[in-house]
Amino acid sequence: AAMAYWCCCGSKSGGQADILETLLEKFDSVAKIFLNVTFICILSPDGKVLAEKHTGDKPIKVAEILDPLVSLKKAAMSFGGILGCGTCPVLHIRGQNHIFSCYDVNTKILALYSTMHKAMANSFNTTNADSQMKPILEDIKALLSELDDHNNKRI
């Protein structure tokens, strides 16, 4: 399967490149939990892609999922508000042979798309996956804070 990595954070000098490389390594850890991850990215609140990784033959274009993702997050927050729990830090959408997941990481979103056999998609335990994701998400949050600090020093 073809594999591509992109980091879209301007200049990649010194510490920033190291942070981004470590972030991409965390994507590999996520892929061990969500089998056959074909797309994973981190988006800033304004929709800028900070880092992304594609596997497989048909790369997903972030621009194609950005508007639906924003709509999805707004709908989840609205629904959460109706239920009395205003935030919705984790979302999973299960299809016949895929799972799309979003996690809030600081002010950003970690989004991933995983394809799998229908039986696997139906039985995939997202609660267990969320538990396994906790330490990885903490690491990603720390890396993003470090990246923000690094970018703020450059300005």
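The structure we're discussing is the one just above.
Quick caveat: nothing in here was measured; it's all calculated off a predicted structure.

Visitor: I'm lost on the pattern of salt bridges in this one. Help?
Guide: Charged atoms that come close allow side chains of opposite charge to pair. For the structure on display, the rule yields four salt bridges. Here Asp28 makes a salt bridge to Lys53, at a shortest N to O gap of 2.2 Å. Of the two residues, Asp28 is situated in helix H1 (residues 15-33) and Lys53 in strand E3 (residues 49-55); the sequence distance between them amounts to 25 residues. Its relative accessible area of 8% is what places Lys53 among the buried residues. Salt-bridge contacts for Lys108 lead to Asp148; the nearest nitrogen and oxygen are separated by 3.2 Å. In this pair, Lys108 is assigned in strand E6 (residues 108-115) and Asp148 in helix H4 (residues 126-154), connecting sequence segments 40 residues apart. Its relative accessible area of 27% is what places Asp148 among the partly exposed residues.

Visitor: When you look at a nonpolar patch on the surface in this model, what are you seeing that I'm missing?
Guide: A cluster of nonpolar side chains, namely Phe79, Ile82 and Leu83, defines an oily patch on the protein surface of about 370 Å² accessible area. When you line up the elements, Phe79 lands in helix H2 (residues 62-83).

The rules behind these values
Residues numbered from 1 in each chain as written. Predicted model: local features only at pLDDT ≥ 70, side-chain atom pairs only at ≥ 80, totals over all residues. Heavy atoms only, no water. Salt bridge = Lys/Arg side-chain N within 4 Å of Asp/Glu carboxyl O. Helix = DSSP H or I, 4+ residues; strand = E, 2+ residues; numbered from the N terminus. Buried < 20%, exposed > 50% of the residue type's maximum accessible area, 1.4 Å probe, protein only. Patch = residues over 30% accessible without salt bridge, like charges linked within 9 Å, V, L, I, M, F, W, Y side chains within 5 Å. Areas by Shrake-Rupley, 256 points an atom, 1.4 Å probe, with all protein chains shown as cover.

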